[in-house]
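Next come the chains, spelled out residue by residue.
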Amino acid sequence: MRLADAILDDCLCDPAAPLARDPAHCYSLDKAQAQAQLASLKDWLRVQQTMLWANRRDALLLVLQGPDCSGKNGVIRRVLGGLDPIGLSPHSFQAPSAEERRQDFLRRYRERLPAPGMLGVFNRSYYEALVSDLRDGLCTPADIPQRQSAIQAFEHELPATGIQPLKCYLQLSASEQKQRLHRRLEQPEKRWKLTLGDLRDHRNFAQQQAQWAEVLSNSHSLETPWYVIPADHRWLRDLLVASLLAREFERMALTWPTRPAPFTHADLDSTP
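As the structure is a prediction and not an experimental result, all values here were calculated from the model. (Residues numbered from 1 in each chain as written. Predicted model: local features only at pLDDT ≥ 70, side-chain atom pairs only at ≥ 80, totals over all residues. Heavy atoms only, no water.)

Participant: Would you explain the UniProt feature "domain: Polyphosphate kinase-2-related" (unreviewed entry) in the chain in this entry?
Facilitator: The sites that UniProt annotates as "domain: Polyphosphate kinase-2-related" (unreviewed entry) are residues 29-250. Between the first and last C-alpha atoms of residues 29-250 the distance is 23 Å; the span itself is 55% helix and 14% strand. (UniProt positions renumbered as here; feature names shortened; annotations may be inferred. Helix = DSSP H or I, 4+ residues; strand = E, 2+ residues; numbered from the N terminus.)

The following block contains the structure:
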């Protein structure tokens, strides 16, 4: 149902060259095949998410990073759309507010971690504190080592609290980003998303990708690995993320709760 382990493991970050692969790589799959496979897989994911919620013991945290137009929102819509919203906890992180800047940089992320039984989603994450905050002047280069250590400690805490992170970096090519920005300019339903920052970031695409490559290299580990997802093809990107999520559910080996029912058939039949 999901993609094979060999394909998923091929997406594991290579710390020596995190973003050296082709963002248009398609693993010999085609669009129609991938879309049909995703539709089938989503039915299975829906059952797993319901069992996660029913047990309310552990939680999953899907971390989505990637450049503008790489499809972070699209993954949430296409992969998680149709799951039970009561068991979803999605959060999108923009630049910190004035109040958040006065707090520890990790506080707003800690406050939004998924509760037991929830599938949490971070659209952008605490890793922005190492790239975007530096770019925007919210921290200095001297702050980065301390922030890196704080993030590492933060992630090491998560499994002990029952939260398993799944970190996905959606790798987009500069040429594909330009095409998607052109489409946003042409479509009113997408044009409202654009800011001058999008143009600035596209012009600095290579520099920003170099910064993210360094972040991925420094924060990839066996315990909390990064998966680098080729994102030039939306249909492949979605199926890869869905398959990685499915593999995490498989590892959890969820079953339906076995606690006793709160009443019996006799209790029910004795009512008028």
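Participant: Please explain the environment of isoleucine 7 as it appears in this structure.
Facilitator: By the element assignment, isoleucine 7 lies in helix H1 (residues 5-10). Each C-alpha atom, one on isoleucine 7 and one on leucine 240, is 8.5 Å from the other, the two residues being 233 residues apart in sequence. The residues touching isoleucine 7, leaving out its near neighbours within four places in the chain, are Tyr27 and Leu240. (Contact = heavy atoms within 4.5 Å.)

Participant: I tried to follow the state of the cysteines on my own but got confused; where do I start?
Facilitator: Defined simply, a disulfide is a covalent bond joining two cysteines at their sulfur atoms. Summed over all chains, the structure comprises zero disulfides. Here cysteine 11 stays unpaired: no disulfide links it, and the sulfur of cysteine 168, its closest cysteine neighbor, is 8.6 Å away. The closest cysteine sulfur to the non-disulfide-bonded cysteine 13 is located on cysteine 11, 11 Å from its own sulfur. (Disulfide = S-S within 2.5 Å.)

Participant: I keep staring at the sheet that holds strand S2 (residues 88-92) and nothing clicks. Help me out?
Facilitator: Pairing between the strands of a sheet comes from backbone hydrogen bonds, and it takes one of two forms, parallel or antiparallel. Strand order in the open sheet formed by five strands is S2-S3-S1-S4-S5, with parallel pairing between adjacent strands. The strands lining the two open edges of the sheet, one partner per strand, are S2 and strand S5 (226-230). Sheet twist, expressed as the mean angle between neighbouring strand axes with direction ignored, is 20°. Direction of pairing for strand S1 (residues 59-65) relative to strand S4 (residues 163-171): parallel, over a ladder of seven bridges. Bridge pairing links leucine 60 to glutamine 164 in S4. In this fold helix H3 (residues 72-80) packs onto S1, S2, strand S3 (119-123) and S4, with an angle of close to 155° to the strand it touches most, S3. (Pairing = 2+ DSSP bridges. Axes fitted to C-alpha atoms, helices over the stretch in contact; angles between N-to-C directions.)

Participant: Is there a simple way to think about unusual backbone geometry in this case?
Facilitator: Phi is mostly negative for residues that are not glycine, and the peptide bonds are mostly trans. Notably, arginine 124 is not glycine yet its phi reads approximately 70°, a positive angle. Secondary-structure assignment places arginine 124 in the loop between S3 and helix H6 (128-135). The backbone of alanine 253 shows a phi angle near 50°, a positive value even though the residue is not glycine. With respect to the helices and strands, alanine 253 occurs in the loop between helix H12 (234-252) and helix H13 (265-269).

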